[in-house]
Amino acid sequence: MQSNDALEYHARGRPGKIAVVPTKPLTNQRDLALAYSPGVAAPCLEIQKNPEDAYRYTAKGNLVAVVTNGTAVLGLGNIGALAGKPVMEGKGNLFKQFADLDCFDLEVGSENPDDVIKFCQLLEPTVGGINLEDIRAPDCFYIEETLRKTMKVPVFHDDQHGTAIISGAALLNALELVGKQIDEVRVVFSGAGAAAISTAEHYVRLGVRREHITMCDRIGVVYDGRVEDMDPYKGRFALPTALRTIEEALDGADVFVGLSVAGAVKKEWVARMARRPIIFALANPVPEILPDEVRAVRDDAIIATGRSDYPNQVNNVLGFPFIFRGALDARATTVNEEMKMAATRALALLAREDVPESVSKLYGLQKVSFGPEYLIPFPFDPRVLLWVAPAVAWAAVASGVAQQFVDVDHYRTELEARLGRARGIMRGIITRATSDPKRVVFPEGHEPKIIRAAQICADEGICYPVLLGDRATIERTAAEYGIPIDEVEILDPRSAPRREAYVRYLWERRQRKGLGLHEAQQRLSNKNYFGCCMVATGDADAMLSGVNATYPETIRPALETIGAHPKAGILSGMYMLVFEKRVVFCGDTTVTIDPTAEQLAQIAYAASRIVQNFGEEPRVAMLSFSNFGSVRHPDAEKVARAVEILRERAPYLVVDGEMQADTALDEEIQRTRYPFSTLQGEANVLIFPNLSAGNIAYKLLNHLGGATAIGPILVGMRRPVHVLEQGADVQEIVNMAAVAVMDAQARGRQAPSTRVPGQPRGREAGIL
């Protein structure tokens, strides 16, 4: 990850990563009178009479404060409260994205722990809970302990407890797999900071015997009688032992837990661990020992890291959003040990459940099941919210710290409604792309946005990008914009080794359509033709172009060079519109001006196949200005005929029409007015009767409806070619690159791997 990219990400558009969004209308004088004076006095007086009504009339019950003084920010150390603000904003973003919790990030300008305590105590009327973050040890222990004793809202220091809860789930499942009893195993910790001490204490509560835990810090083993760099919290794990180094401690140990620094453990030491060792190397971005190094000496080891490019990622995002969600919804006065234990056991049990195909597809995997490479759920598994939050809420009720009873079954239904599938769909696409990256060619190699996007794709492991163009010009442009392109391949079409092979390929394909050999030579000077030839001949897996060209200028070379798929019959363009809680696929929005009934059926069929590839079950609505024959007109009858054709071709598809757009999207209309409709539920695939309707509709939804548009996804090509919108920004290009990779993956093509083993693939999620 390059610093320039991170700076641009945080600065572009509205600075920062979070914003306050109103939840009530304020469009007229009446709204103003209700929202503020005089109407606001009514809830104020009710809360004065009954403070619990604050949870009814204000946002307190859904509001978390992320509080830091910046004394231990990530791996950066004591950089101060203000410098830590981007991390706290990021935490707020995760709270919202994963658990729909609102967040204030609050940076306290004092290193005095008593100031932090007083600050948090004064916040109690404002927030439903406090997430302490990036506060150095041992201050963090003192602060949290004091606040938990003196406050009646949940206080949780994620740096301590997050890793403990999630790695605890991994430990339970790993021990199950290796057939060892938790009260018999010997555990060695590398690191003795807040996370390590809290994790060790959590393991003791899970059943590990305290005398079986050896803790090591930068000096060595924490032993009974040691005085250097000790504190009361570390002293809880001081053993009467002759061991002095981590190397000695690992000899015969069953479990290693790393919460320290890269390279802290050598493979020779791991080789001397007990049979079937458990290795949790959790330092980020580079673990104490890489999984490949472990595998070199121990093929019987079970391994987890904090990274996204290896199995078993221990990521705090599996914990804190859902723990606070459950705690706030139960109106808990604290986060106690029972609630933490409930979160651990819920994660462990979820990993043993059958993994739905939709979750496997989200990660680009055919089948996922409980085992050495799947100890804990994936961070983007939507089921985590439905398992962890209810477990935490019920533990709060059972342990007597909840102020509101929680009906678990009803609560799960509420949680499902709170977060739609839309939130994670782009993350899922990118995750799936990084699982099996392909070679993607970008003909517009001189364009700065394309260069930047290619660099991001290479850095995140989305694809192996190839920029077409003059090397000197591309490198000069990259330098001018501060874009490092060391991992990006550059290919000059004028001198490429395979140029003559592409010329001959194009000539042989088009020679009976009036194209001479000399003309084929000339066309290869057009980089879109060159890129298409790379894809057609298997030298690239996909092509992405169009940011500086019209749609026909990009499609024409693709049609002449690659052509439509023989089973498709027609090309179409589809947009994926991502709303807050729903995803809608729209076709055709870019290609066929006035399709016939047969063509509409084909467009709908092809769109449904793409939607299935995205892990969604297609529910297809064929749109018109008419509802099931309410208007007799050839345009409406064309759509009705398309439905008949599609049902004959794919009787298993959920499809209906002709219907109006509100009928397609409103289940109540379907149920009350058209109970005979086979749709009976919100459509997620909208097929428009002509290009005018489709193009106008998706652009209105994008610009006025607040949808994020991903596309156009070109459907029906023999090989993956996708067209960018003119003026697309960098993130839109990156998104489309991920879509192109998914397309190539679905077609089963293979790209040569040039990634160095152990090199990061994808942005390292880290532990915030």
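See above for the structure.
Parameters at a glance
- Residues numbered from 1 in each chain as written.
- Predicted model: local features only at pLDDT ≥ 70, side-chain atom pairs only at ≥ 80, totals over all residues.
- Heavy atoms only, no water.
- Helix = DSSP H or I, 4+ residues; strand = E, 2+ residues; numbered from the N terminus.
- Buried < 20%, exposed > 50% of the residue type's maximum accessible area, 1.4 Å probe, protein only.
- Areas by Shrake-Rupley, 256 points an atom, 1.4 Å probe, with all protein chains shown as cover.
- Lys, Arg positive; Asp, Glu negative; His and termini not counted.
- Charge placed at Lys NZ, Arg CZ, Asp CG, Glu CD.
- Disulfide = S-S within 2.5 Å.
- Polar contact = N/O pair within 3.5 Å; in protein donor to acceptor, adjacent residues only side chain to side chain.
- Phe/Tyr/Trp six-rings, centres within 6.5 Å; stacked < 30°, edge-to-face > 60°.
- Contact = heavy atoms within 4.5 Å.
- Salt bridge = Lys/Arg side-chain N within 4 Å of Asp/Glu carboxyl O.
- Pairing = 2+ DSSP bridges.
- Axes fitted to C-alpha atoms, helices over the stretch in contact; angles between N-to-C directions.
- Right-handed = clockwise from strand over helix to strand, strands pointing away.
- Parallel < 35°, antiparallel > 145°, perpendicular 65-115°, else oblique.

*Asks:* Explain the overall build of the chain to me, and be specific about the residues and the numbers.
*Replies:* Regarding its fold elements, the chain presents 31 helices and 20 strands. Taken over the C-alpha atoms alone, the chain extends approximately 90 × 70 × 50 Å along its principal axes. Across the 768 residues in the chain, those meeting the buried criterion constitute 55%. With the model as given, the accessible surface of the chain reaches about 32,600 Å², and the carbon-plus-sulfur share is 52%. One way to put it: in the chain the 85 positive side-chain charges average out to a point 3 Å from where the 96 negative ones average out.

*Asks:* Run through unusual backbone geometry, naming residues and quoting values.
*Replies:* Across the junction of Asn284 and Pro285, the peptide omega takes the value 5 degrees, indicating a cis bond. Here Pro285 is to be found in the loop between β8 (278-281) and α13 (291-297). The phi torsion at Asn312 lies on the positive side, around 60 degrees, for a residue other than glycine. Under the relative-accessibility criterion, Asn312 is labelled buried at 6%. With a phi angle near 40 degrees, Gln680 is a residue other than glycine that sits in the positive phi range. By the secondary structure assignment, Gln680 is in the loop between α29 (667-673) and β18 (685-687). Looking at Gln680, the relative accessible area reads 31%, which means it is partly exposed.

*Asks:* Lay out the state of the cysteines with the relevant residues and their values.
*Replies:* Within this structure, the stated rule accounts for zero disulfides. Cys140 supplies the cysteine sulfur nearest to Cys216, a cysteine that is in no disulfide, at a spacing of 20 Å. Here Cys532 is not disulfide-linked; the sulfur of Cys533 is the nearest cysteine sulfur, at 7.2 Å. Look at Cys532 and you get buried, because its relative accessible area is 0%.

*Asks:* Report on helix α24 (residues 527-536), specifying residues and quantitative values.
*Replies:* By the criterion of burial, α24 is predominantly enclosed, with nine of the 10 residues buried. Within the span of α24, buried status applies to Asn528, Tyr529, Phe530, Gly531, Cys532, Cys533, Met534, Val535 and Ala536. The opening residue of α24 is Asn526, an N-cap whose side-chain oxygen sits 2.8 Å from the backbone nitrogen of Asn528.

*Asks:* Can you lay out the packing of aromatic side chains for me, pointing to particular residues and giving the numbers?
*Replies:* Each pair of aromatic rings is reported with the distance of its centres and the angle of its planes. The full count for this structure, using the stated rule, is 14 aromatic pairs. Note on Phe156 and Phe324: the rings are 5.9 Å apart at their centroids and 85 degrees apart in plane angle, and the pair reads as edge-to-face. Of this pair, Phe156 sits in strand β4 (residues 155-157) while Phe324 is found in helix α14 (residues 320-329), placing the two residues 168 residues apart along the sequence. You'll find Phe156 and Phe324 in the same group, each marked buried. Taking 5.2 Å as the distance between ring centres and 80 degrees as the angle between the ring planes, the aromatic pair formed by Phe628 and Phe676 counts as edge-to-face.

*Asks:* Can you lay out the environment of Gly252 for me, pointing to particular residues and giving the numbers?
*Replies:* As for its position among the elements, Gly252 is in the loop between α11 (246-250) and β7 (255-258). Taking the C-alpha atoms as reference, Gly252 lies 32 Å from Val368; in sequence the two are 116 residues apart. Discounting chain neighbours no more than four positions away, the residues touching Gly252 are Arg186, Arg272, Met273 and Ala274.

*Asks:* Got a sec to walk through the side chain of Glu447? Specific residues and values, please.
*Replies:* Counting through the fold element by element, Glu447 comes out in the loop between β10 (438-442) and α20 (448-460). Among buried charged residues, Glu447 stands out as having no salt bridge; its nearest opposite-charge side chain is Lys449, 4.9 Å away. A polar contact of 2.8 Å, which involves the side chain of Glu447, links it to the side chain of Asn548. Setting aside anything within four residues of it in sequence, one finds Glu447 in contact with Val547 and Asn548.

*Asks:* Help me get a handle on the pairing of strand β19 (residues 708-715), residues and values and all.
*Replies:* The buried fraction of β19 amounts to seven of the eight residues, a majority that puts the element mostly inside the structure. Note: strand β14 (residues 572-578) against β19, six bridges, orientation antiparallel. Directly across from Gly573, in β19, lies its bridge partner Leu714.

*Asks:* Break down the sheet that holds β4 for me, citing the residues and quoting the values.
*Replies:* Working definition: the strands of a sheet are paired by backbone hydrogen bonds and lie parallel or antiparallel to each other. If you trace the four strands from one edge of the open sheet to the other, you get β2-β1-β3-β4, paired in parallel fashion. Looking at which strands have only one partner, the edges of the open sheet turn out to be β2 (102-107) and β4. Across the sheet, the mean angle separating the axes of adjacent strands is 20 degrees when strand polarity is ignored. Both strand β1 (residues 63-68) and strand β3 (residues 129-132) contribute to a ladder of four bridges, which runs parallel. The residue of β3 that forms the bridge with Val64 is Gly129. Relative to the sheet, helix α5 (residues 85-99) contacts β1, β2 and β3, its axis offset from that of β2 by approximately 165 degrees.

*Asks:* Talk me through the environment of Phe320; I want residue IDs and the actual numbers.
*Replies:* Tracing the chain through its elements places Phe320 in helix α14. Linking Phe320 and Ala343, residues 23 residues apart in sequence, is a C-alpha distance of 9.6 Å. Contact partners of Phe320, with chain neighbours within four places excluded, come to Lys91, Leu94, Phe95, Asn131, Phe156 and Asp158.

*Asks:* Describe the sheet that holds strand β13 (residues 542-545), and please don't skip the residues or the numbers.
*Replies:* Pairing is parallel across the open sheet formed by five strands, whose spatial order is β12-β11-β10-β13-β20. Two strands lie at the open edges of the sheet, namely β12 (489-491) and β20 (721-723), each paired on one side alone. On average, each strand axis in the sheet is inclined to that of its neighbour by 25 degrees, with strand direction left out of account. Relative to strand β11 (residues 463-468), β10 runs parallel, the two sharing five bridges. Across the sheet, residue Val441 finds its bridge partner in β11, namely Val466.

*Asks:* Explain the pairing of β3 to me, and be specific about the residues and the numbers.
*Replies:* Burial along β3 is two-sided: the residues Gly129 and Asn131 and Ile130 and Leu132 are all buried. Where β3 and β4 come together, three bridges link them in parallel fashion. The partner of Asn131 across the bridge, within β4, is Phe156. Viewed along the sheet, the connection from β3 through helix α7 (residues 139-150) into β4 turns out right-handed.

*Asks:* How would you summarise the packing of helix α22 (residues 499-510) against α24 if you had to cite specific residues and measurements?
*Replies:* Axis angle and axis distance: for two packed helices, these are the angle between their axes and the distance between the axes, and together they describe the pair. At a minimum axis separation of 10 Å, α22 and α24 run at an interaxial angle of 85 degrees. By the criterion of interaxial angle, the relationship of α22 to α24 is roughly perpendicular. Side by side, α22 and α24 meet where Arg499, Tyr502, Tyr505 and Leu506 of the first sit next to Tyr529, Phe530, Cys533, Met534 and Ala536 of the second.

*Asks:* Quick one: what's the story with the environment of Glu293, residue by residue and with numbers?
*Replies:* Of note, Glu293 is situated in helix α13. Exposure remark for Glu293: the relative accessible area of 35% places this residue in the partly exposed category. Among the polar contacts listed, one links the side chain of Glu293 to the backbone nitrogen of Leu290, at a separation of 2.9 Å.

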